[in-house]
Amino acid sequence: PRLRISPSHRPDLSIPGIVMGTVAYMSPEQARGQLVDARTDVWSLGVVLYEMIAGHAPFIGDTQRAVVDSILHQAQQPLEDRTDLPVELTQIISKALAKNTNARYESAAKMLNDLGGLKEELEVRARLEREINATDEKVAIASRNTIRQSPVNTAGARQPVRGVKDFVSLVQRHKVFPVVLSSFC
């Protein structure tokens, strides 16, 4: 059986005209005592994520009134200054903290979808970076191993392989491609 609640006894947490809650996590519409919806929760989640990254709240003040004024009238300190953060993450947080409810995520599920997409993208980037580093290391090892076979300059000294082009040219000239290829596998 489903629980039925009469309209006069709805357990609304936010009532228009009544400001309730922890000031630092209030959305602009909540601070104004306006109607709230799921986007207010997205705002609060944005505040928590901002705090986790920045180490402080996005909207600050010496008093609760000053914090509310900051929420209503000031932009949060930009996270874009943090060069160690993916730009996409700062964009997600900025969208969650949009003062205009229509510019904010409609639901936490949509925000989670973007966060999940970013997580997947970062995992792919990390995997590609590891593969590139491993390939670079294999090229360096193969290059060091073939330096004995590098061209001789006019003074009779062996010239080191200077890059991938030199390395490929050397491999083709000396027909050691199968040997080098086996070192990559």
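Source: prediction; values computed, not measured.

1. Points about the confidence of the model for the protein chain
The predicted structure's coordinates, where accompanied by low pLDDT, should not be read in detail. For the protein chain, the mean per-residue pLDDT works out to 78, and 65% of the residues sit at or above 70. In the predicted structure, residues 3-11 sits below a pLDDT of 50 and forms two contacts with residues beyond four places in sequence or in another chain. Scored below 50 in pLDDT, residues 175-185 makes 13 contacts in the model with residues more than four places away or belonging to other chains.

2. A look at helix α3 (residues 64-73)
Among the residues of α3, those classed as buried are V67, S70, I71 and L72. On the buried face of α3, the contacting elements are α1 (28-31) and α2 (38-54).

3. Digging into the pattern of salt bridges
This structure, assessed with the given rule, holds seven salt bridges. Between R125 and E88 there is a salt bridge, with the nearest N and O atoms lying 2.6 Å from each other. With R125 in helix α5 (residues 108-146) and E88 in helix α4 (residues 87-96), the pair connects residues that are 37 residues apart, well separated along the chain. Residue classification places R125 among the partly exposed residues on the basis of a relative accessible area of 38%. Across the salt bridge formed by K119 and E123, the nearest N and O atoms sit 2.8 Å from each other. Of the two residues, K119 and E123 both sit in helix α5, four residues apart, roughly one turn of that helix. For K119, a relative accessible area of 52% translates into the label exposed. When salt bridges with common partners are traced through the structure, they connect E88, E121 and R125 into a single cluster.

The rules behind these values
- Residues numbered from 1 in each chain as written.
- Predicted model: local features only at pLDDT ≥ 70, side-chain atom pairs only at ≥ 80, totals over all residues.
- Heavy atoms only, no water.
- pLDDT = per-residue confidence, 0-100.
- Contact = heavy atoms within 4.5 Å.
- Buried < 20%, exposed > 50% of the residue type's maximum accessible area, 1.4 Å probe, protein only.
- Helix = DSSP H or I, 4+ residues; strand = E, 2+ residues; numbered from the N terminus.
- Salt bridge = Lys/Arg side-chain N within 4 Å of Asp/Glu carboxyl O.

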